[in-house]
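Inside the fold
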Amino acid sequence: MRVGYIIETTSLSKQYGHETVVNQVNLKVQPGTIYGLLGENGAGKTTLMKMLTTLALPTQGAIKLFGTTLERNSDLMSEVGAMIETPVFYSSLSAEENLMIHCRYKKVPLSDMKEYLEMLGIYKHRDKKVKQFSLGMKQRLGLARSLIGNPRLLILDEPINGLDPSGIKEIRELLIRLKKERGTTILLSSHILNEIEHCADTIGFMHKGVLCKEKGIGELQDAEIRLYEIKIKHLDLHVEKLKKVFEVVNIYHQTVVVSAAGLTATEAIKRLIENEIEMIEMKALTESLEDYYMTMIAERKEGEAI
Amino acid sequence: MNLLRMEWVKFKPGKILLTFLLFNGAAFLMLYALGMSTGGMAMFPDMKVAIREINNSIVWPGCFIFAGVWGAKIFIQEFRNKTITTIWASGIHRSRLAAVKLILISALGILATVLSTLLQNSLLLLLSPYTYYAEQPMSIVSHMSVAYMGAVGWSALCIGLTVLLAVALGIRSFSTTVTIVAAMAFGVIWAFQLGFPGTYFNVESVRLLFVLAGLFSTGFLMRHIHRLDL
């Protein structure tokens with residue numbers, strides 16, 4: 001049977017009391033890709049992941065994993081490795097004992113443990129009690145645990161929290177390797193863009209429970225959506241005209257910032273001349289993914305205000 | 001079986017045994033001190049009555065607390081520490097895991113009660129010539145009877161099942177304290193031998209009601225756990 005998407009949610013929502021934490025999310029994750037879920041704290045990423053791992057029941061909507069509808073106590077979960085929120089362990093047991101318990105729950109050979117402990121660089125600490133572990137080491141152990149059983153899907157909630165820069169790089173490379181060598185599909189979340197943009201194939205932007213936009217990383221990087229910062233003489237006289245001619249992002253002092261996606265500098269100048277807007281100076285700004293994200297969030301907030 | 005073995009690994013039998021020994025050591029010291037504190041006056045008409053009263057007011061309430069503490073550790077702490085999320089997220093059937101835990105807690109309560117009772121009672125009988133619980137000492141052999149073993153077994157069953165009610169109360173608030181305090185309260189009620197003579201609600205039927213409440217609460221607990229969001 002051909003599996004179209006590894007994860008497919010339809011109008012997935014979650015309410016706690018009167019608060020809608022996840023709102024009508026339609027998430028689609030292709031097999032063998034890394035999908036990065038990006039959003040501020042409280043955007044609903046963790047709740048979404050909890051629903052995908054059966055820890056929370058959706059208030060509305062449906063989830064399909066590997067093409068099959070997900071229900072509580074589903075056997076599908078045996079093919080999923082997950083790390084939700086800060087990884088927790090039996091702190092009075094050693095790292096190896098903790099993994100052993102997980103191996104037994106997942107019914108996989110104990111010999112698998114060594115591979116993952118080595119892969120995450122904590123094999124030499126295997127006999128240490130987890131209560132002696134630093135946050136970074138716990139994070140590594142949590143990742144090792146999620147890899148047990150070689151799952152087809154990995155769901156990782158902020159997996160790089162607490163890691164040092166070299167650790168972050170190492171984990172990023174590991175995730176890419178898992179995708180390339182084993183075809184593992186990975187859904188990871190973060191509120192830090194930099195963590196995601198270096199490894200994800202697709203980025204989904206979440207804001208206040210809504211999956212606002214989905215973009216392929218190639219699309220985002222190639223496009224490098226540009227902004228033009230134009231200093232205008234007598235700006236207040238031309239505001240309305242500018243808004244008609246350009247997609248205005250910001251206005252301050254004598255300057256207007258316009259989105260110029262698909263618009264060359266020559267074209268921009270031509271439009272100014274045609275509309276008799278006197279320009280003092282113009283700068284082309286390349287917009288980073290971060291700028292794009294911030295702009296998008298600002299747009300959403302503005303929309304809410306209206 | 002696999003799930004039960006995992007619980008065993010997590011909570012280490014050595015640790016359970018150690019707390020069991022500490023609990024019994026403390027109980028014995030207390031009972032010995034109590035037996036020496038009357039200044040030569042016998043507290044009970046005979047050792048049979050003495051043992052029955054000691055079991056009801058000290059040993060069995062103590063067993064309630066022991067089972068409550070382990071119930072909180074085995075069940076509630078997994079929720080508090082959120083270690084249960086990792087297990088559930090790996091596809092383990094929620095109700096099956098809960099059932100295994102409840103069986104383990106119950107079994108621990110029953111076993112601890114039987115062993116503690118036999119141990120404490122044997123020590124009391126052995127030391128009866130040197131304590132002032134009763135005028136006449138009594139041998140272990142003459143005390144052991146089918147009725148005595150039946151009473152111990154019934155009490156152990158009551159404690160093992162009633163403690164499930166304490167666990168069910170604790171899970172509502174994810175609180176180990178609630179579980180332990182509830183177990184203590186049941187122990188106190190047991191010690192007071194609550195009952196209304198001349199009515200249907202005598203001591204034994206009140207205890208039976210607690211047992212039934214414990215059994216019913218597991219049904220609610222299973223349902224609650226199946227729907228629980230973490």
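See the structure above.
A brief structural summary. Keep in mind that what you see is a predicted model, and the values were worked out from it rather than measured.

Take the overall build of chain B next. Along chain B, the regular secondary structure elements total 9 helices and 0 strands. Secondary structure elements of chain B occur, N-terminal to C-terminal, as α-α-α-α-α-α-α-α-α. Along the three orthogonal principal directions, the C-alpha set of chain B runs to about 60 × 45 × 30 Å. Within the span of chain B, comprising 230 residues, buried residues form 47% of the whole. In chain B, 81% of the contacts between residues at least 6 apart in sequence involve partners at least 24 apart. A distance of 16 Å separates the average location of the 16 positive side-chain charges in chain B from that of its 7 negative side-chain charges.

A few words on the sheet that holds strand S8 (residues 153–157) of chain A. Residue and element names in this part refer to chain A. Taken in spatial order, the 6 strands of this open sheet run S7-S8-S9-S4-S10-S11, and their pairing is mixed. Among the strands making up the open sheet, the edge pair consists of strand S7 (80–83) and strand S11 (210–216). Neighbouring strand axes in the sheet, compared pairwise and without regard to direction, differ in orientation by 15 degrees on average. Pairing geometry for strand S4 (residues 34–39) and strand S9 (residues 185–190), over 5 bridges, is parallel.

Turning our eyes to something else, we now look at the pairing of strand S2 (residues 19–25) of chain A. All names here are of chain A. With 4 bridges connecting them, strand S1 (residues 7–16) and S2 associate as antiparallel partners. Its bridge partner being in S2, glutamine 15 is matched across the sheet by threonine 20. In sequence, S1 turns back onto S2 through a hairpin of 2 residues, with glycine 17 there showing a positive phi of about 65 degrees.

Below, the discussion takes up the side chain of Arg94(B). Its location among the elements puts Arg94(B) in helix H5 (residues 94–126). There is no salt bridge for the buried Arg94(B), and the closest opposite charge comes from Asp229(B), which lies 5.8 Å off by N-O distance.

Relative placement of two packed helices is described by the angle separating their axes and the distance separating the axes. All names here are of chain B. At a minimum axis distance of 8 Å, the contact between helix H3 (residues 47–80) and H5 shows a crossing angle of 150 degrees. Considered as vectors, H3 and H5 are oriented roughly antiparallel to each other. Crossing angle aside, the handedness with which H3 passes H5 is right-handed. Across the contact of H3 with H5, the residue classes break down as 19 nonpolar, 8 polar and 2 charged.

A grouping of Lys129(A), Lys131(A), Lys12(B) and Lys15(B) is seen on the molecular surface, where their side chains present a positively charged patch. Here Lys131(A) shows up in the loop between helix H3 (112–119) and helix H4 (135–147).

Residues and elements named next belong to chain B. A complete count under the given rule lists 0 disulfides over all chains for this structure. Its sulfur unpaired, cysteine 158 is 13 Å from the next cysteine sulfur, which belongs to cysteine 63. For cysteine 158, a relative accessible area of 0% corresponds to the buried category.

The subject of this paragraph is the interface of chain A and chain B. On the chain B side, the residues contacting the 29 residues of chain A number 29 residues. Both faces combined, the contact of chain A with chain B buries some 2,400 Å², and carbon together with sulfur accounts for 56% of it. Sorting the residues of chain A by area buried against chain B places Leu55(A), Asn73(A) and Tyr105(A) first, and these three jointly supply 31% of that buried surface. Across the chain A-chain B interface, the total number found is 3 salt bridges. Put simply, Arg72(A) and Asp229(B) hold a salt bridge, and the shortest N to O gap is 3.2 Å. Counting across the interface, chain A meets chain B through 13 residue pairs in polar contact (both at pLDDT 80 or more). At the level of secondary structure, the elements contributing two or more residues to the side of chain A that touches chain B comprise S1 and helix H2 (95–106) of chain A. With 7 residues, H2(A) is the largest single contributor of residues to the side of chain A that touches chain B. Per-class residue counts for the side of chain A that touches chain B are 13 nonpolar, 7 polar and 9 charged.

Another aspect to go through is unusual backbone geometry. Negative phi values dominate among residues other than glycine, just as trans dominates among peptide bonds. Backbone geometry places Glu85(A), a non-glycine residue, at a positive phi of 55 degrees. The topology assignment puts Glu85(A) in the loop between S7 and H2. In this structure, Phe174(B) is a non-glycine residue whose phi angle is positive, near 50 degrees. Following the sequence through the fold, Phe174(B) ends up in the loop between helix H7 (146–173) and helix H8 (176–191).

Attention now moves to the pairing of strand S5 (residues 60–65) of chain A. Each regular strand displays side chains that alternate between the two surfaces of the sheet. Residue and element names in this part refer to chain A. Sheet topology note: the S1/S5 ladder contains 5 bridges and is antiparallel. Among the inter-strand pairings, threonine 10 is bridged to a residue of S5, identified as alanine 62. When S5 meets strand S6 (residues 68–69), the two strands line up antiparallel, connected through 2 bridges. Among the inter-strand pairings, lysine 64 is bridged to a residue of S6, identified as threonine 69. Hairpin connection between S5 and S6: a loop of 2 residues separates the two successive antiparallel strands, and phenylalanine 66 in this loop has a positive phi of roughly 55 degrees.

We now examine the packing of aromatic side chains. Remark: the centre distance and the inter-plane angle together describe each pair of aromatic rings, the angle taken between the planes. Using the criterion set out here, one finds 11 aromatic pairs over all chains in the structure. Seen in terms of ring centroids, Trp60(B) and Trp190(B) are 6.1 Å apart; in terms of plane orientation they differ by 90 degrees. Their pairing is edge-to-face. With Trp60(B) in helix H3 and Trp190(B) in helix H8, this pair connects stretches of sequence that are 130 residues apart. Among the residues examined, Trp60(B) registers a relative accessible area of 6% and is labelled buried. Between Phe79(B) and Phe174(B), the ring centres sit 5.5 Å apart and the planes meet at 35 degrees, which makes this aromatic pair tilted. Here Phe79(B), found in helix H3, pairs with Phe174(B), found in the loop between H7 and H8; they are 95 residues apart in sequence, far enough to count as distant. Residue Phe79(B) is classed as buried on the basis of its relative accessible area, which comes to 2%. An aromatic cluster is built from Trp60(B), Phe64(B), Phe186(B), Trp190(B) and Phe210(B), whose rings are joined through pairwise contacts. If you follow Arg126(A) out to its NZ or CZ, it ends over the ring of Tyr123(A), 4.1 Å from the centre. One Lys or Arg, Arg94(B), reaches over the ring of Trp88(B) and ends 3.8 Å from the middle of that ring.

All names here are of chain B. Under the defined criterion, the tally for this structure stands at 20 salt bridges over all chains. As a salt-bridge pair, lysine 10 and glutamate 78 come within 2.6 Å of each other at their nearest N and O atoms. Here glutamate 78 lies in helix H3 and lysine 10 lies in helix H1 (residues 2–11), a separation of 68 residues in the sequence. With its nearest N and O atoms 3.8 Å apart, the salt bridge here joins glutamate 204 to arginine 207. Remark: arginine 207 and glutamate 204 occur in helix H9 (residues 203–227); sequence separation between them is 3 residues, near one turn of the helix. Its relative accessible area of 39% is what places glutamate 204 among the partly exposed residues. With a relative accessible area of 9%, arginine 207 lands in the buried category. One network of salt bridges, with partners in common, ties together Glu7, Lys10, Glu78 and Lys101.

Conventions we followed
Residues numbered from 1 in each chain as written. Chains lettered and ligands numbered in written order. Predicted model: local features only at pLDDT ≥ 70, side-chain atom pairs only at ≥ 80, totals over all residues. Heavy atoms only, no water. Helix = DSSP H or I, 4+ residues; strand = E, 2+ residues; numbered from the N terminus. Buried < 20%, exposed > 50% of the residue type's maximum accessible area, 1.4 Å probe, protein only. Contact = heavy atoms within 4.5 Å. Lys, Arg positive; Asp, Glu negative; His and termini not counted. Charge placed at Lys NZ, Arg CZ, Asp CG, Glu CD. Pairing = 2+ DSSP bridges. Axes fitted to C-alpha atoms, helices over the stretch in contact; angles between N-to-C directions. Salt bridge = Lys/Arg side-chain N within 4 Å of Asp/Glu carboxyl O. Parallel < 35°, antiparallel > 145°, perpendicular 65-115°, else oblique. Left-handed = near helix turned anticlockwise from the far one by under 90°. Nonpolar A, V, L, I, M, F, W, Y, C, P; charged D, E, K, R; others polar. Patch = residues over 30% accessible without salt bridge, like charges linked within 9 Å, V, L, I, M, F, W, Y side chains within 5 Å. Areas by Shrake-Rupley, 256 points an atom, 1.4 Å probe, with all protein chains shown as cover. Disulfide = S-S within 2.5 Å. Buried area = accessible area lost by both parts, 1.4 Å probe. Polar contact = N/O pair within 3.5 Å; in protein donor to acceptor, adjacent residues only side chain to side chain. Phe/Tyr/Trp six-rings, centres within 6.5 Å; stacked < 30°, edge-to-face > 60°. Lys NZ or Arg CZ within 6 Å of the ring centre and 35° of its normal.

That is the geometry; function is a separate question.
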